[in-house]
Amino acid sequence: MTTAIEVQGLNKYFGSYHALRNIDFHVESGERVVICGPSGSGKSTLIRCLNQLERHDAGEIRVSGILLGDNVRNLDAIRREAGMVFQHFNLFPHLTVLENCALPQILSRKTPRPEAENCARQYLDRVRILDQAEKFPGQLSGGQQQRVAIARALCMEPRIMLFDEPTSALDPEMIHEVLDTMVELAEGGMTMLVVTHEMGFARQVADRVVYMEAGEIVEIAPPDRFFDAPADERSQRFLSKLV
Ligand code: ADP
Ligand code: MG
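Residue indices follow the written sequence of each chain, beginning from 1 at its first position. To label them, take the chains in the order written and letter them from A, then take the ligands in the order written and number them from 1. Note on the predicted model: pLDDT of at least 70 is required for a residue's local features to be given, and 80 or more for side-chain atom pairs to be given and counted; whole-chain, interface and lining totals, by contrast, use all residues.

Enquirer: Looking at this structure, how should I read the site of ligand 1?
Expert: All residues are tested the same way: a C-beta atom is placed from the backbone, and lying within 6 Å of a molecule or strand makes the residue near it. Taken together, Phe 14, Tyr 17, Ala 19, Gly 37, Ser 39, Gly 40, Ser 41, Gly 42, Lys 43, Ser 44 and Thr 45 make up the full set of residues near ligand 1. Secondary structure is summarised from DSSP: a helix means a run of H or I of at least four residues, a strand means a run of E of at least two, and numbering begins at the N terminus for each. The set of elements that each furnish at least two residues to the shell around ligand 1 consists of β2 (17-28) and α1 (43-49). With three residues, the top contributor of residues to the shell around ligand 1 is α1. Under the grouping applied here, Gly and all other residues not named as nonpolar or charged are polar, the nonpolar ones being Ala, Val, Leu, Ile, Met, Phe, Trp, Tyr, Cys and Pro and the charged ones Asp, Glu, Lys and Arg. Its residues placed into classes, the shell around ligand 1 shows three nonpolar, seven polar and one charged.

Enquirer: Help me understand the UniProt feature "domain: ABC transporter" (unreviewed entry) in the chain, please; the structure alone is not making it clear to me.
Expert: Mapped onto the present numbering, the UniProt feature "domain: ABC transporter" (unreviewed entry) falls on residues 5-239. Within the segment residues 5-239, helix and strand shares are 40% and 26% respectively, and the terminal C-alpha atoms sit 27 Å apart. UniProt positions are given in the numbering used here, feature names are shortened, and annotations may be inferred rather than shown by experiment.

Enquirer: Mind showing me how you'd approach the environment of Leu 98 here?
Expert: Along the chain, Leu 98 turns up in helix α3 (residues 97-109). Exposure criterion: with C-beta atoms placed from backbone coordinates, a residue whose C-beta has 20 or more other C-beta atoms within 10 Å is buried, one with 12 or fewer is exposed, and one in between is partly exposed. The exposure class of Leu 98 is buried, given the 20 C-beta atoms found within 10 Å. When the C-alpha positions of Leu 98 and Ala 120 are compared, they lie 6.2 Å apart, and in sequence the two are 22 residues distant. Residue contacts for Leu 98: discarding those within four places in its chain leaves Glu 117, Ala 120, Ala 133 and Glu 134. Note on contacts: each residue gets a C-beta atom placed from the backbone, and two residues are in contact if those atoms are within 7 Å.

Enquirer: It is not clear to me how the sheet that holds strand β5 (residues 66-67) should be interpreted in this structure. Could you clarify?
Expert: Strand pairing within a sheet occurs via backbone hydrogen bonds; the two strands may be parallel or antiparallel. Strands are treated as partners if at least two bridges between them are detected by DSSP. A sheet is described by the order of its strands in space; here four strands give the open sequence β2-β1-β4-β5, paired in antiparallel fashion. Of all strands in the sheet, those with a lone pairing partner are β2 and β5, marking the two edges. Pairing geometry for strand β1 (residues 3-14) and strand β4 (residues 58-63), over five bridges, is antiparallel. From the neighbouring strand, Asn 11 faces β4, where its bridge partner is Ala 58.

Enquirer: Explanation requested: the sheet that holds strand β9 (residues 208-213) in the structure shown.
Expert: The strand order across the open sheet formed by six strands is β6-β7-β8-β3-β9-β10, and the pairing between neighbours is mixed. The open sheet terminates on both sides in strands that have one partner only, identified here as β6 (82-85) and β10 (216-221). Pairs of neighbouring strands in the sheet enclose a mean axial angle of 15°, with direction left out of account. Relative to strand β8 (residues 191-195), strand β3 (residues 32-36) is paired through four bridges, and the arrangement is parallel. By the bridge assignment, Arg 32 is partnered in β8 with Met 192. A fitted line through C-alpha atoms serves as each axis, taken over the contacting stretch for helices, and the angle formed by two N-to-C directions is quoted from 0 to 180°.

Enquirer: How should the pairing of β6 be read in this particular structure?
Expert: Every regular strand shows the same layout, with side chains that alternate between the two sheet faces. Burial along β6 is two-sided: the face carrying Ala 82 and Met 84 and the face carrying Gly 83 and Val 85 are both buried. Sheet topology note: the β6/strand β7 (residues 160-164) ladder contains four bridges and is parallel. By the bridge assignment for β7, Val 85 is matched with Phe 163.

Enquirer: How do you make sense of helix α6 (residues 172-187) when you look at a structure like this?
Expert: Residues spaced three or four apart along an α-helix point in a common direction, a consequence of the helix completing one turn every 3.6 residues. Its 16 residues give α6 an end-to-end C-alpha distance of 23 Å, which sits within 8% of 22 Å, the value for a rise of 1.5 Å per residue. Every buried residue of α6 is listed here: Val 178, Leu 179, Thr 181, Met 182, Leu 185 and Ala 186. For α6, the buried positions fall inside an angular range of 155° around the axis, keeping them on one side. In α6, the exposed positions that point more than 90 degrees away from the buried face belong to Glu 173 and Glu 187. Each element contacted by the buried residues of α6 is listed here: β3, α5 (142-155), β7, β8 and α7 (199-205). One less than the number of residues in a helix, times 1.5 Å, gives the span that helix is expected to have. To be clear, the arc concerns the directions from the helix axis to the C-beta atoms.

Structural data, given as structure tokens:
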């Protein structure tokens, strides 16, 4: 197994605020890792540093062995390796669902349009939303839009998928359809790093759970151990508030 994501000694500041403190962790190829922790603990900042949506100040980040730094070619390569899905879908409102999925391939990979549209249809089918292909995002429910966002990311054929709270902007009745899509992706062997508060998903899918607080990794453990016998009192406190 190769290491999909490797982070060593990662530190990140926003001005004088120390947002990430000496973060060390890794995700193996084919592994599913869930990051949880209270709001403001640095989960989004961490995941956004992995493809340089935020620049880190110190430490080393490698994605599929590629070092993330000032080398633009490396950054492009890393962004191809790792697809990302955000809390707020980030679809283009003026483009159809099909076009949202096809256009990134055409623009960044120079894929010929018919091939890009075929690929888009294939992944829209995979997230069970092909029947909505000609609609605009605003005509879809939140859960449907998020599945389109997942299909769009998959169209770029990433080896790793990063999710930042993909269900936390959704109405409760739509959460399960997005989680089901993510479970299927996991069952297909995708390497996944998922920030989520959905502890049922973490229990079902995660190989390991990373618990963060105040910019630090407090604990990394397999889900059974994390949920049933968390080692750190900060994790215990977090989990006791969930029930
Ligand atoms: P989480 O995703 O765990 O809720 P974030 O990574 O979004 O936490 O934020 C971690 C901390 O960094 C918070 O205190 C937040 O206010 C701060 N922060 C995040 N982004 C910025 C930014 N662009 N500028 C200044 N502070 C930020
Ligand atoms: Mg966040």
